[in-house]
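The chain contents come next:
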Amino acid sequence: MSDTRVARRLGQHGLRASRRLRYLYLSMALWRRRAPIWIAAILIGLVAAVFANGSHLSHELFYQIYDQSPLWALLITPAGLGLSVWLLRTFFDGAGGGGIPQTIIAMQPGMHALRARILTMRAAVGKMVLTLIGVGCGSTMGYEGPIVQVGAAIKYSLNREAALRHEGVARSFILAGAAAGVAAAFNTPLAGIVFAIEEMGRTFDQRASSTILLSVILAGITAIAVLGDYNYFGVVSVALDLRSGWMAIPVCGIIGGIIGGLTSRAILALAHHLPGPLHGWRINYPILFAIACGLLLAVIGIASDGITFGTGYFRAKEIIEGGGSSMQEYGILKLVSLIITYISGAPGGMFAPSLAVGAGFGLNMSLLLPSLPQAAMVLLGMVAFFSGMTRAPMTGFVIVMEMTSSSSTMIIPLMATALVAANVSRFMNRHALYDGQAEIFLRQLRARHQAN
């Protein structure tokens, strides 16, 4: 063989080896970029499972103590809210609020300083600790709103270098983390995606779709591996014949939209300014104000035989399953407890409690149409109040449908009721709840920046 052919053969082998090494290098680089995304999604699923179990255990612990003597609530609930606010102001400055409004603002362009404060592991841990304290002391809050911020914080923190290099990438990570948190918390993958698009649609980028889907899938699989495949409120075997039960849609939609819209309006108004001297007390003595709110919650809870304490998960499930005949006052009392908990300043979510309030009002509305199945009216009441309060009808009907594994015959009624309620709510309040809270939070940030 001539020297020329040998050289040509060696050159070809060298070229193939160079291509293989380049392919291997690019593959390894791709794995290095994607590994933090996958790890973050799995971690979100684990955290959501821990959060869910911690919430249920702290809730059960409270009731075990309460069963020994209801008077314990007069100590535990005020002390818990006061401790939560003190820890927030002392150690966890980035963990305030419900989680969803803060995440919405963090997705806006140029919010690098805010992200460095609220989308950190420290803020995520603080959010979990403070929420569990709130749930454990019997206040009306849930972990499903906070898991949105926690999920976004985990996703953003583990991919911080890539996020800092490109604004669009940063927003996609925050959005994907929020969606994965909702999906894992409720075991509702579709609702997680819909929530991300509907609640944060102003900054939604179609290029983030694959990141969102992958995050929701991995977080959901991880949560199921830990908690098992479950339905949040159980399986509801109920159908609504639209030929005979169509009246349930306008009845629940209008009533739920009115109550939900007025609730949203009241919450936004009270976030801005409390009546009389209460506003000054909340600003000047936040810890004592939280303790006073906790005392009021304890009094309401004891007077109602304990039904208003906690997230409302167990009470709502009881009502859905056909119980709750003696809880006709549950909806209004739980709503009052929700508002008091919110104005206390203790971090916690309103996602699950709002569904519990809706279940209570659905029970009331079932009396208006006694010929229809109570469970169907309760589900419609849940989606109506939630959609009226948040003005997020797609998230409302999808999450109720997935959380109860509702039959296909309930999809159209849930969808229609959510749409009616969301549109009726517009006449009650100009702003949607989370958008309004996000605007208030943004104004507070600007005022804080100017003061510094």
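Everything that follows concerns the structure shown earlier in this document.
Sequence positions are assigned chain by chain, starting from 1 and proceeding in written order. In keeping with the model being predicted, local features are shown solely for residues with a pLDDT of at least 70 and side-chain atom pairs are shown and tallied solely at 80 or more, while totals for entire chains, interfaces and linings include all residues. Neither water nor hydrogens contribute to the side-chain values; these are computed over all heavy atoms in the structure.

The subject of this paragraph is the packing of aromatic side chains. Whether two aromatic rings pair depends on their centres lying within 6.5 Å, for rings of Phe, Tyr and Trp, where Trp uses its six-membered ring; planes under 30 degrees apart make the pair stacked, over 60 edge-to-face, and the rest tilted. The full count for this structure, using the stated rule, is eleven aromatic pairs. With centroids separated by 5.5 Å and ring planes inclined at 40 degrees, the aromatic side chains of Phe-51 and Tyr-143 adopt a geometry described as tilted. Pair noted here: Phe-51 is in helix H1 (residues 3-68) and Tyr-143 is in the loop between helix H5 (121-136) and helix H6 (146-158), with a separation of 92 residues, a long-range link. One exposure class covers both Phe-51 and Tyr-143, and it is buried. Where helices and strands are cited, they refer to DSSP runs of H or I of at least four residues and of E of at least two residues respectively, numbered from the N terminus. Each residue is placed in one exposure class: buried if its accessible area under a 1.4 Å probe, protein chains only, is under 20% of its type's maximum, exposed if it is over 50%, and partly exposed if it falls in between.

Phi angles above zero are rare outside glycine, and Asp-305 is one such case at about 65 degrees. Within the element layout of this structure, Asp-305 appears in the loop between helix H14 (286-303) and helix H15 (313-320). The phi torsion at Arg-391 lies on the positive side, around 55 degrees, for a residue other than glycine. Examined against the element boundaries, Arg-391 turns out to sit in the loop between helix H18 (374-390) and helix H19 (393-404).

Now for the pattern of salt bridges. One speaks of a salt bridge when a side-chain nitrogen belonging to Lys or Arg is within 4 Å of a carboxyl oxygen belonging to Asp or Glu. Under the definition given, this model contains two salt bridges. With its nearest N and O atoms 2.9 Å apart, the salt bridge here joins Asp-93 to Arg-117. Here Asp-93 is found in the loop between helix H2 (73-90) and helix H3 (100-106), whereas its partner Arg-117 is found in helix H4 (residues 112-118), with 24 residues between them in sequence. The class of Asp-93 is partly exposed, set by a relative accessible area of 40%. In this structure, Glu-318 engages Arg-315 in a salt bridge whose closest nitrogen and oxygen atoms are separated by 3.9 Å. A residue pair is termed a helical-turn pair when its members lie 3 or 4 positions apart in one helix, as Glu-318 and Arg-315 do in helix H15 at three residues. Given a relative accessible area of 34%, Glu-318 falls into the partly exposed group.

Another aspect to go through is the packing of helix H12 (residues 248-272) against helix H16 (residues 330-343). Direction vectors running N to C along H12 and H16 enclose 25 degrees, while the axes themselves pass 10 Å from each other. Judged by the inter-axis angle, H12 sits roughly parallel to H16. Here H12 and H16 pass one another in a crossing that is right-handed. Each of Ile-259, Thr-263, Ile-267, Leu-270 and Ala-271 in H12 lies in contact with H16, whose residues at this interface are Leu-335, Ile-339, Tyr-342 and Ile-343. Inter-axis angles, ranging from 0 to 180 degrees, are taken between N-to-C directions of lines fitted to C-alpha atoms, where helices are fitted over the stretch in contact. By the definition adopted for this analysis, an angle is roughly parallel if under 35 degrees, roughly antiparallel if over 145, roughly perpendicular if from 65 to 115, and oblique otherwise. A clockwise turn of the near helix away from the far one marks a right-handed crossing, whereas an anticlockwise turn of less than a right angle marks a left-handed crossing. Note on contacts: a residue pair is in contact if any heavy atoms of the two residues lie within 4.5 Å.

Relative to the assigned elements, Ser-139 resides in the loop between H5 and H6. Polar contact criterion, stated in full: a pair of N or O atoms within 3.5 Å, where within protein one must be able to donate a hydrogen and the other to accept it, and residues adjacent in sequence count only if both atoms are side-chain atoms. Reaching out from Ser-139, the side chain makes a polar contact with the backbone oxygen of Gly-134 at a distance of 2.6 Å. Once residues lying within four places of it in the same chain are set aside, the contact partners of Ser-139 are Leu-81, Gly-134, Leu-297, Gly-310, Thr-311 and Thr-341.

All right, on to helix H8 (residues 167-186) then. End to end, H8 covers 29 Å across 20 residues, agreeing with the expected 28 Å (1.5 Å per residue, within 8%). With 18 of 20 residues buried, H8 is to be regarded as a mostly interior element. Two residues or fewer after H8 comes Asn-187, characterised by a positive phi angle close to 55 degrees. Helix span is expected to be 1.5 Å times the residue number reduced by one.

Let's shift gears to the environment of Trp-38. Tracing the chain through its elements places Trp-38 in helix H1. Along the backbone, Trp-38 and Leu-218 are 180 residues apart, and their C-alpha atoms lie at a distance of 7.2 Å.

What follows covers the packing of H2 against H14. Close contact between H2 and H14 brings their axes to 7 Å; oriented N to C, the two are set at 150 degrees. With respect to H14, the axis of H2 lies roughly antiparallel. Seen from above, H2 lies across H14 with right-handed handedness. Contacts from Ala-73, Leu-74, Thr-77, Pro-78, Leu-81, Gly-82, Val-85, Trp-86 and Arg-89 of H2 reach H14 at Pro-286, Ile-287, Ala-290, Ile-291, Cys-293, Gly-294, Leu-295, Leu-297, Ala-298, Val-299 and Ile-302. When its residues are assigned to classes, the contact of H2 with H14 shows 16 nonpolar, three polar and one charged. Note on residue categories: nonpolar means Ala, Val, Leu, Ile, Met, Phe, Trp, Tyr, Cys or Pro, charged means Asp, Glu, Lys or Arg, and polar means any other residue, Gly included.

All right, on to the environment of Gly-261 then. Within the secondary structure, Gly-261 sits in helix H12. The exposure class assigned to Gly-261 is buried, which follows from its relative accessible area of 0%. Separated by 126 residues in the primary sequence, Gly-261 and Ser-387 have C-alpha atoms spaced 8.8 Å apart. Contacts of Gly-261, omitting those with residues within four sequence positions, involve Gly-388, Met-389, Ser-425, Met-428 and Asn-429.

Turning our eyes to something else, we now look at a nonpolar patch on the surface. To count toward a patch, a residue needs a relative accessible area over 30% and no salt bridge; like charges are then connected within 9 Å, while nonpolar side chains (Val, Leu, Ile, Met, Phe, Trp, Tyr) are connected within 5 Å. Residue-level accessible areas treat just the shown protein chains as cover; the underlying method is Shrake-Rupley with a 1.4 Å probe. Together, Leu-278, Trp-281, Tyr-285, Leu-288 and Ile-291 line one region of the surface with nonpolar side chains, adding up to about 510 Å² of accessible area. Secondary-structure elements contributing two or more residues to the nonpolar patch are helix H13 (278-284) and H14. Its place among the elements puts Ile-291 in helix H14.

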